[in-house]
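A look at the structure
Here is what each chain is made of, one letter per residue.
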Amino acid sequence: MILGPVSYLDCVAFCVFLTPQLLIHVGLLETVLVVLQCLPFLLLELPFEFIRERYLTGYDKQSPFVQKASPFEDFVVRCVRYAFANIPPKVGRVFFSKPVALPFLRFRMLRYGYLRSPVHWHEYNDKRFKGVWVIKDPMARPDICIFYCHGGGFSMGSAYFYLEFLLTWLSLLSDSGYQNPAIFALEYTLVPDASFPTQLEEAIAGYEHVLSTVQDANRICVSGDSAGAAIVLSLLLHLANISHHLEKMDGTGTWRLAKPGMAVLISPWVTLVSGRHHNTASDYLDAGNLHQYARQYAGELVSVNDPLLSPGNCRDISWWKNAVPLQGMFIAYGAEEVFAPEIADLVRFFQKNNMKVNSREEKGGIHAWPVACLFLSNSLADRQKGLKSLVEEIRDKIH
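Notes on the structure in this doc start here. (Residues numbered from 1 in each chain as written. Predicted model: local features only at pLDDT ≥ 70, side-chain atom pairs only at ≥ 80, totals over all residues. Heavy atoms only, no water.)

Turning to the sheet that holds strand β2 (residues 130–135), a few remarks are in order. If you walk across this open sheet you meet the 8 strands as β1-β2-β4-β3-β5-β6-β7-β8, and the pairing is mixed. Unpaired on one side and paired on the other, β1 (120–125) and β8 (357–362) mark the two borders of the sheet. Sheet twist, expressed as the mean angle between neighbouring strand axes with direction ignored, is 15°. As defined by bridge partners, strand β3 (residues 144–149) adjoins strand β4 (residues 181–186) across 6 bridges and the pair is classed as parallel. For Cys145, the partnering residue across the bridge sits in β4 and is Ala182. Sheet contacts for helix α8 (residues 198–214): β1, β2, β3, β4 and β5 (220–225); angle to β3, the most-contacted strand, approximately 170°. Running at roughly 140° to β5, helix α9 (residues 227–240) makes contact with β3, β5, β6 (262–266) and β7 (329–334) of the sheet. (Pairing = 2+ DSSP bridges. Helix = DSSP H or I, 4+ residues; strand = E, 2+ residues; numbered from the N terminus. Axes fitted to C-alpha atoms, helices over the stretch in contact; angles between N-to-C directions. Contact = heavy atoms within 4.5 Å.)

Right under this line is the structure:
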């Protein structure tokens, strides 16, 4: 199932679904205060800066993202940039929550003639973890399974917000020749509701469940974007050297599990706190807020620089060689994103030490663009470009 691009009508519908949830979970007064705080940006700064840079500034002086973005992409990313820097996380997490994201997906499906999802998906709840299964044929064993952890700075996001992205990914996997592709999206606990090691423990339990369902680790590709990709890297390090960090794990995950066949990461947050994280003119991430979320994720008992939480800090060659999946790792990221210097540095480390790691740096690209472009880009080719590159990498390694 591949729906059309998000339109201005969709944006209005999203606001309709969002408003009552803000009133319920944030409260009337705080919602009104946030709206009032945003008005100067929406009414003055946004239109002025949009017109100035897009239409009154020479091409060579525009930011790399603006040079390649459509007006709609540019407009939305400016809004997201403001929101990420200025909207409180407890408000932001409502935007990505199930009560908003699921009705919005159903609205979009109705717009394109689907009364119900043509692809099977269902929730899975266990006392140790929960998530969402998306599978072509639930009665048959998958011949490829993506274990996915969503992004959102550890403080926002949900599997339901990513559901349209995952449904599209499943369709492309099917088109590439897999008979029964499946995706399991982990619904991990957000901060400040819980901190490390809760999220990693949930990932371990979720991965064990996927492994028991697929029954062949070589047919599993672990994946994630941003903070979710950091959890995936932590999972790989855990699977490679369980005894190294049992004291941090509350007794969970002491059993040994087979490592997956492959890993595909989108804009991974490889180093949680780094002096090389700087805001860019193109990206929508805010380095200061990211570091605040990272410290919340680490909690009070573990250092934010611990390599199990912050895999970019791990320079133990043998640990990584045991962690990298048999068919290797593929990392996609944008050249203009806040995380780019740390991602590029880790990729160089992998390649210098002859590990099976390939990467693709998108010129002018911003954070998690393979996810965002599915919703924001105009042409079908542009919207699917990022996902198709991931599918090609997977298909090339897992036959």
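Still more ground to cover, so stick around.
This paragraph deals with the side chain of Ser63. Examined against the element boundaries, Ser63 turns out to sit in the loop between α2 (28–55) and α3 (64–68). Ser63 gets classed as buried once you look at its relative accessible area, which sits at 5%. Apart from residues no more than four positions distant in its own chain, Ser63 is found in contact with Glu53, Ala281 and Ser282. (Buried < 20%, exposed > 50% of the residue type's maximum accessible area, 1.4 Å probe, protein only.)

Here we come to the pattern of salt bridges. Within this structure, the stated rule accounts for 21 salt bridges. Salt-bridge contacts for Glu362 lead to Lys68; the nearest nitrogen and oxygen are separated by 3.1 Å. Taken together, the residues span a long stretch of sequence, with Glu362 in strand β8 and Lys68 in helix α3 at a distance of 294 residues. The class for Lys68 is partly exposed, based on a relative accessible area of 40%. One salt bridge connects Arg360 with Glu362, and the closest N-O pair in it is separated by 2.7 Å. Assessed through its relative accessible area of 23%, Arg360 is described here as partly exposed. Within the structure, one salt-bridge network assembled from shared partners comprises Arg276, Arg315, Glu342, Asp345 and Arg348. (Salt bridge = Lys/Arg side-chain N within 4 Å of Asp/Glu carboxyl O.)

Another aspect to go through is α8. Think of an α-helix as 3.6 residues a turn; residues three or four steps apart then line up on the same face. Under the 1.5 Å per step criterion, the end-to-end length of α8 is 24 Å for 17 residues, consistent within 8% with the ideal 24 Å. Counting buried positions over the 17 residues of α8 gives 13, a clear majority of the element. Phi for Gln215, located one or two positions after α8, is positive at around 65°. (Expected span 1.5 Å × (residues − 1).)

The relative placement of two packed helices is expressed as an angle between their axes plus a distance between the axes. Running from amino to carboxyl end, helix α7 (residues 163–175) crosses helix α13 (residues 369–376) at an angle of 95°, the nearest separation of the two axes being 10 Å. The angle between the axes of α7 and α13 places the two elements in the roughly perpendicular class. Across the interface between the two elements, Glu164, Phe165 and Thr168 from α7 touch Pro370, Val371, Leu374 and Phe375 from α13. (Parallel < 35°, antiparallel > 145°, perpendicular 65-115°, else oblique.)

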